[in-house]
Amino acid sequence: MRRMVAETRLHPADLILPAFVREGVSEPVPIAAMPGVVQHTRDSLKKAAAEAVAAGISGIMLFGVPEESKKDPFGTPGTDPDGILQVALRDVRAEVGDDLLVMSDLCLDETTDHGHCGVLDEQGRVDNDATLERYAEMAQVQADAGAHVVGPSGMMDGQIGVIRDALDQIGREDVAILAYTAKYASAFYGPFREAVGSSLQGDRKTYQQDPANARESLRELALDLEEGADMVMVKPAGPYLDILARVADAVDVPVAAYQISGEYSMIEAAAEKGWIDRDRAIMESLTGIRRAGARNILTYWATEVAQKLKDR
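Residues numbered from 1 in each chain as written. Predicted model: local features only at pLDDT ≥ 70, side-chain atom pairs only at ≥ 80, totals over all residues. Heavy atoms only, no water.

A word on the layout of surface pockets. As a volume, the largest pocket reaches approximately 600 Å³. Elements supplying a minimum of two residues to the lining of the largest pocket: α1 (2–5), α10 (278–292) and α11 (302–311). Looking at the lining of the largest pocket, its residues break down into 6 nonpolar, 4 polar and 5 charged. Estimated volume of the second largest pocket: approximately 410 Å³. (1 Å grid on protein atoms, 1.4 Å probe; cavity = no way out; pocket = protein on both sides within 12 Å on 5 of 7 lines; lining within 4 Å. Points joined across faces, edges and corners; volume = space filled by probe spheres on them. Helix = DSSP H or I, 4+ residues; strand = E, 2+ residues; numbered from the N terminus. Nonpolar A, V, L, I, M, F, W, Y, C, P; charged D, E, K, R; others polar.)

Take the pattern of salt bridges next. Opposite charge on two side chains lets them pair, provided their charged atoms get close. Considering all chains together, one arrives at 18 salt bridges under this definition. Residue D279 is joined to K308 by a salt bridge in which the shortest nitrogen-to-oxygen separation is 3.0 Å. Note that D279 is positioned in helix α10 and K308 in helix α11, a separation of 29 residues in sequence. Exposure remark for K308: the relative accessible area of 30% places this residue in the partly exposed category. Across the pair K308 and E304 runs a salt bridge whose closest N-O atoms are separated by 2.9 Å. On the criterion of helical spacing, the pair formed by K308 and E304 is a turn pair, its members being 4 residues apart in helix α11. Among the residues examined, E304 registers a relative accessible area of 25% and is labelled partly exposed. Residues participating in the shared-partner salt-bridge network are E268, R278, D279, E304 and K308. (Salt bridge = Lys/Arg side-chain N within 4 Å of Asp/Glu carboxyl O. Buried < 20%, exposed > 50% of the residue type's maximum accessible area, 1.4 Å probe, protein only.)

The next point concerns the environment of A143. Topologically, A143 is positioned in helix α4 (residues 128–145). Spatially, the C-alpha atoms of A143 and V21 are 18 Å apart, while their sequence positions differ by 122 residues. When near neighbours in sequence (up to four residues on either side) are disregarded, A143 contacts L167, I170, R172 and V175. (Contact = heavy atoms within 4.5 Å.)

For strand β1 (residues 15–22), a buried count of 7 out of 8 residues is recorded, marking the element as mostly surrounded by other parts of the structure. Taken together, the 2 bridges between β1 and strand β10 (residues 296–298) define a ladder with parallel strand orientation. Counted as the bridge partner of I16 is L298 from β10. Relative to strand β4 (residues 59–65), β1 is paired through 7 bridges, and the arrangement is parallel. Within β4, the residue paired with V21 across the bridge is G64. Bridge count for β1 against strand β3 (residues 38–40) is 2 bridges, and the pairing is parallel. Bridging from a neighbouring strand, F20 pairs with Q39 of β3. (Pairing = 2+ DSSP bridges.)

Counting residues in hydrophobic clusters, the biggest one holds 92 residues, and the most contacted among them are I60, L62, Y135 and Y258. Discounting chain neighbours no more than four positions away, the residues touching L62 are A19, L45, L85, A88, L89, V92, V102, M103, S104 and D105. (Core = buried A, V, L, I, M, F, W, Y, C linked by side-chain atoms within 4.5 Å.)

This is the structure in structure tokens:
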């Protein structure tokens, strides 16, 4: 009876798998703060992509982790055609073709030696407009490498419009933009910093949103849509279900939510202690995000959950 009258359902196609690929490693590297998640080698990433296709999920969002020595103030590996993210995009496209939406994180934080999402000025502040120039170039090299979707996550003003123009200039109107529209300066990103080998100095409060603010998200939403976003995202997901619901009610484009590293790690840690039922907690957390209005959910459990949903 419950199954028949359920108002909210999860489907494998709702899910997107975030995945990390690390340059210069011969074996997958476990991420201590995210049990069960690894920094992939190029080969293990291709295997993960094939498993995602078999499970029926819709997409994979790639994050590149370059060698530390290659990072610089401008995030050069992010625009190098042979940078690890671009190489991984080509690998995954060769492996799965169009059977999986191949998405790429469009941000400088993984490739800069200071760990910020943009270029810094002489005072050490993020230079919004100089950063947009880097994002435009990143969008073009990621599209050339095979990305179906780019995910600008840096929260720079005007980033969607600049990226759309850059893609159109090279005839890639077919590449979609998943805008990180409401991205909050959250404490829940902690484990992710290990996952991408972050070199962050300071914090990101000058360009990510204040957790106390809600209306600000709707202003960001209006700007992203005006600039040409094809899809919009709320990040993190669980602590911001109210924001997610407001965004979903306000738009007619697909809305995504990112169940981030801290959300993942809390459930895994509590389950390891025997304090909660792991499988039930995972499904309940994802159902809550879906119920709040997310059409798609980025989650590190994407493949595992999709396989279970298919077996039901």
